[in-house]
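Residue-level structural notes
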Amino acid sequence: TESIYTHNILVDGRETFFSIWDSVCPQNPTAENCVTEDQLRWADGFILVYSICNRDSFNVVRQQLQRIRQMKKRRGPSPVIIVGNKRDLQHRREISSEEGRMLALSSGCGFFEISAAETYHGSLLVFHQLLETVRENRSAVKKNAGIKGIVRSMSAVFGRRRTE
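Every value quoted in this text rests on a predicted model; they were computed, and no experiment measured them.

Our next topic: the packing of aromatic side chains. Here the structure, examined in full by the defined rule, presents 1 aromatic pair. Taking 4.8 Å as the distance between ring centres and 75 degrees as the angle between the ring planes, the aromatic pair formed by Tyr 50 and Phe 58 counts as edge-to-face. Across the pair, Phe 58 and Tyr 50 agree in class, each one buried.

In structure tokens:
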């Protein structure tokens, strides 16, 4: 099932409106039935969560990441954070911290390992990092758009041929 949660919070003195589309992938997902085109168009960023105790969930995150990257090539990059959950269950670990970190590093993603069951602080850090990364992304896009506008203006002025 899917749920959309909305929440207004104050972050760094600024009111921020979060909408979280929480979707659950089936155990044997295909690229099409896990991350939908609507979700990809809708989202400014992604948090992909796997259980450190379940290899299949880690493989699902790899598939989701690949689909996000393919779809976002056309529309521009979106921040992604990979999260290994259930850190409190070290004795059942199937995915090492290094393996999760390497997937994130090789994909240009953020990485956290948390225990959502023990405390909410880890989850809070993940959301704050995503928010900061989305803000940086938007700021860079605006800055680039501003520079492109200046270049276009300069080209329009100086690129004209004189007819006199």
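Now that the structure has been shown, the text picks up again.
All right, on to the environment of Arg 62 then. With respect to the helices, strands and loops of the structure, Arg 62 is situated in helix H3 (residues 55–75). Separated by 12 residues in the primary sequence, Arg 62 and Tyr 50 have C-alpha atoms spaced 9.7 Å apart. Among all residues touching Arg 62, those that are not within four sequence positions of it are Glu 99 and Leu 103.

Note that predicted coordinates carrying low pLDDT should not be read in detail. Here the chain averages 79 in pLDDT, while 74% of its residues score no lower than 70. Note that residues 160–164 has pLDDT below 50 and, in this model, 1 contact with residues that lie over four places away or in other chains.

Attention now goes to the environment of Val 134. By the secondary structure assignment, Val 134 is in helix H5 (residues 121–158). The buried category is assigned to Val 134, whose relative accessible area is 12%. With 90 residues separating them along the chain, Val 134 and Asp 44 place their C-alpha atoms 6.6 Å apart. Those residues within four positions of Val 134 in sequence are excluded, and the remaining contacts are Asp 44, Gly 45 and Pro 79.

The complete set of buried residues in helix H4 (residues 97–107) reads Ser 97, Gly 100, Leu 103 and Ala 104. For H4, the angular spread of buried residues about the axis comes to 135 degrees, placing them on one side. For H4, the exposed residues set more than 90 degrees away from the buried face come down to Glu 98, Leu 105 and Ser 106. Of the residues trailing H4, Gly 108 is marked for its positive phi of about 70 degrees.

Once that is clear, we can look at the sheet that holds strand E3 (residues 46–51). In space, the 3 strands of this open sheet follow the order E3-E4-E5, with parallel pairing throughout. Every other strand in the sheet has two partners, leaving E3 and strand E5 (110–113) as the edge strands with one partner each. Sheet twist, expressed as the mean angle between neighbouring strand axes with direction ignored, is 20 degrees. Relative to E5, H4 is tilted by about 160 degrees, and along the sheet it contacts E3, strand E4 (80–85) and E5.

Further remarks concern the side chain of Ser 57. Locating Ser 57 in the fold gives a position in helix H3. With residues up to four places along the chain from it excluded, the contact list for Ser 57 reads Tyr 50 and Ser 51.

A few words on the pairing of strand E1 (residues 2–11). Pairing of E1 with strand E2 (residues 14–23) involves 10 bridges; the strand directions are antiparallel. Paired with Thr 6 across the bridge in E2 is Ser 19. Hairpin connection, E1 to E2: the antiparallel pair is bridged by 2 residues, and Asp 12 has positive phi, about 55 degrees.

Turning to the nonpolar core, a few remarks are in order. Formed by 19 residues in total, the largest nonpolar core has its most connected members in Tyr 50, Leu 65, Val 80 and Ile 82. Looking at which element gives the most residues to this core, the answer is H3, with 5 residues. Ignoring anything within four residues of it in the chain, the contact list for Leu 65 reads Leu 48, Val 80, Ile 82, Leu 103, Ser 107 and Cys 109. The next biggest cluster of nonpolar side chains, apart from the first, holds 7 residues, and it includes Ile 114, Val 126, Leu 130 and Val 134.

Analysis parameters
- Residues numbered from 1 in each chain as written.
- Predicted model: local features only at pLDDT ≥ 70, side-chain atom pairs only at ≥ 80, totals over all residues.
- Heavy atoms only, no water.
- Phe/Tyr/Trp six-rings, centres within 6.5 Å; stacked < 30°, edge-to-face > 60°.
- Buried < 20%, exposed > 50% of the residue type's maximum accessible area, 1.4 Å probe, protein only.
- Helix = DSSP H or I, 4+ residues; strand = E, 2+ residues; numbered from the N terminus.
- Contact = heavy atoms within 4.5 Å.
- pLDDT = per-residue confidence, 0-100.
- Arc of directions from axis to C-beta.
- Pairing = 2+ DSSP bridges.
- Axes fitted to C-alpha atoms, helices over the stretch in contact; angles between N-to-C directions.
- Core = buried A, V, L, I, M, F, W, Y, C linked by side-chain atoms within 4.5 Å.

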